[in-house]
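# Structural overview for review
Below are the chains, spelled out letter by letter.
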Amino acid sequence: MFVALAFSSCKPDEPDTILKNQKNDTALISVSSEMPPIVKFSDNPITKAGLDLGRFLFYDTLLSQNNTISCASCHNQAMAFTDNNKKVSEGTVKQLGTRNAMPTFNLIWFDSLFWDSRASRLKQLALMPIQNPLEMNITPEAVVEKLKLSSLYKLKFKNAFGSDTITPERLAMALEQFLMSIVSDNSRFDKSKRGEVALTPEENRGFEIAGQKGCFNCHKTSLFTDNLSHNTGLDLYFTDKGLGGFTKKYNQEGKFKTPSLRNVALTAPYMHDGRFETLEKVIEFYDHDVIPNLNSRNISRTFIEQATRNRISQEDSKALIAFLNSLTDYDMVTNPKFSNPFK
Ligand code: HEC
Ligand code: HEC
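Residues numbered from 1 in each chain as written. Chains lettered and ligands numbered in written order. Predicted model: local features only at pLDDT ≥ 70, side-chain atom pairs only at ≥ 80, totals over all residues. Heavy atoms only, no water.

## Topic: the side chain of S64
- The topology assignment puts S64 in the loop between α2 (48-58) and α3 (71-74).
- Only 3.1 Å separates the side chain of S64 from the backbone oxygen of I69, close enough to count as a polar contact.
- When sequence neighbours within four positions are dropped, the list of residues in contact with S64 reads I69, T92, M136, I138 and K146. (Helix = DSSP H or I, 4+ residues; strand = E, 2+ residues; numbered from the N terminus. Polar contact = N/O pair within 3.5 Å; in protein donor to acceptor, adjacent residues only side chain to side chain. Contact = heavy atoms within 4.5 Å.)

Here you go:
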């Protein structure tokens, strides 16, 4: 009865609703007031049962060809949903992928997904790792056949969608709901913004330095990303063409989505290919290893010139890292709502 009511109040043609930013326990997705407003999709209203189903699916190895890996194998909550310090991930038979696993928090605000932005909606993205031969290596239809044998999933799909019909579309919708619910907004930095704690002088200094160095030109707003793609001058020639590989536009080669600086202390190694093992190495790169190439020159000239002219001191680099560490959200990485339901 409750499920039917929840559905009848949300017709597919309703405009997307903007939720009020409020931190309270009854809201299914609650975000603090420093974060941008959140937009829900009217074709996939978030429900308690949908979130529950999505969480089970995220942690279930049934979603892989030989029942060995789940989404969480590469997106570990303790590492802010990244892959256990691996440079690139391993698939069902330990076959190596080509890119560093991205964190899966605050995605409710993103409409360009993956390093090369080749997906724009989580519902669309959710079936891609399942089908990827280097990852879960199975068709969504074959996953559905496996799920149909489980009375647990029959019940959970019924609770979430009103009937126990299991389809790839519903699988994707439940995963989308779960992914949208993973919000990171409770780091020490956030608490300091809300006046609950004070940052140390070193952390404050690091924040200032990040501003002076132009980090916030791209890692901007309370999301610490502009949601755009840039070529940061990592290479002269591009083995991975990034956005350009997807759009086939020459001037977009070597551009990658700006990752959020939130939780970077937990997500090593860094960059799309995991080439830097530590934040010290990342800062060294920005400070004096940026390579002006055809596509970085247009986009980040000021940044590159600034970075190459003023060498950062050891002390300032340490302060910058102290600031980055203040962006770690220990609540998110331990929140039982996002944890493994099979344990
Ligand atoms: C074998 C490891 C692996 C598995 C399993 C895996 N992922 Fe990923 N995930 C990755 C990698 C690597 C990337 C970056 C890929 C790229 O950009 O091409 C990624 C990227 C993502 C992103 C993009 C985040 C962003 O900021 O754009 C989302 C969302 C995501 N994965 C969700 C999932 C879900 C849901 C599942 C299960 C259905 C899953 N992943 C299974 C390795 C994995
Ligand atoms: C021109 C935009 C831009 C500027 C300015 C910029 N970044 Fe980045 N940053 C990016 C992009 C894009 C990436 C991903 C690059 C890639 O993987 O190819 C990135 C990656 C990172 C990463 C790795 C994150 C991860 O999850 O792998 C860190 C840390 C980082 N930047 C910190 C900084 C700091 C500190 C500054 C200032 C010194 C800075 N950035 C300036 C765009 C920028």
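That shown, we press on.
## What about the nonpolar core?
- Counting residues in each nonpolar core, the largest one holds 55 residues, and the members touching the most others are L57, F58, L63 and W109.
- Of all the secondary structure elements, the ones that give two or more residues to this core are α2, α3, α4 (122-125), α6 (140-148), α7 (151-161), α8 (168-181) and α15 (330-334).
- In terms of residue count, the dominant contributor to this core is α8 (eight residues).
- Among all residues touching L57, those that are not within four sequence positions of it are L63, L147, Y153, F157, L171, A174 and L175.
- By size, the runner-up hydrophobic cluster in this structure holds 24 residues, among which are L199, L279, I312 and A319. (Core = buried A, V, L, I, M, F, W, Y, C linked by side-chain atoms within 4.5 Å. Buried < 20%, exposed > 50% of the residue type's maximum accessible area, 1.4 Å probe, protein only.)

## Things to note about the pattern of salt bridges
- All chains considered together, the criterion is met by 19 salt bridges.
- Across the salt bridge formed by R121 and E176, the nearest N and O atoms sit 2.8 Å from each other. With a gap of 55 residues between them, R121 in the loop between α3 and α4 and E176 in helix α8 connect regions that are remote in the sequence.
- For E176, a relative accessible area of 0% corresponds to the buried category.
- Through salt bridges with shared partners, one network takes in D43, R121, K123, E169 and E176. (Salt bridge = Lys/Arg side-chain N within 4 Å of Asp/Glu carboxyl O.)

## What about the site of ligand 1?
- Around ligand 1 there are 27 residues in total, and C71, C74, H75, F114 and K257 lie nearest to it.
- One nitrogen or oxygen atom from the side chain of R99 is found 2.9 Å from an oxygen atom belonging to ligand 1.
- Elements that contribute at least two residues to the shell around ligand 1 include exactly α3, α4 and α5 (128-131).
- Among the residues forming the shell around ligand 1, the class breakdown is 17 nonpolar, five polar and five charged. (Near = heavy atom within 4 Å. Nonpolar A, V, L, I, M, F, W, Y, C, P; charged D, E, K, R; others polar.)

## A word on the site of ligand 2
- With respect to spatial proximity, 22 residues lie near ligand 2, and among them C215, C218, H219, H272 and Y286 are the closest.
- Here a nitrogen atom of ligand 2 sits 2.8 Å away from a polar atom, N or O, in the side chain of H219.
- The contact in question runs from an oxygen atom of ligand 2 to an N or O atom on the backbone of H272, over 2.6 Å.
- Going through the elements one at a time, β4 (256-257), α12 (279-289) and α13 (294-309) are the ones with two or more residues in the shell around ligand 2.
- If one sorts the elements of the shell around ligand 2 by residue count, α12 sits on top with three residues.
- Looking at the shell around ligand 2 residue by residue, the classes come out as 13 nonpolar, seven polar and two charged.

## Section: the coordination of the iron atom of ligand 2
- Of the protein atoms, only H219 (NE2) and Y286 (OH) coordinate the iron atom of ligand 2, at distances of 1.9 to 2.1 Å.
- Here the iron atom of ligand 2 binds six donor atoms, and the angle range of 84 to 179 degrees at the metal identifies the geometry as octahedral. Placement of the pair is H219 in the loop between α10 (201-212) and β3 (229-230) and Y286 in helix α12, with a sequence separation of 67 residues.
- By relative accessible area, which is 11% here, H219 ends up buried.
- Overall, Y286 belongs to the partly exposed group, its relative accessible area being 23%. (Donors = N, O, S within 2.8 Å, 3.2 Å for Na, K, Ca; no water. Tetrahedral: all angles 85-135°; square planar, octahedral: opposite > 155°, others 65-115°.)

## Let's talk about the environment of D287
- Considering the arrangement of structural elements, one finds D287 in helix α12.
- In sequence terms D287 and S313 are 26 residues apart; their C-alpha atoms lie 9.8 Å from each other.
- In this structure the side chain of D287 is engaged in a polar contact, spanning 3.1 Å, whose partner is the side chain of H288.

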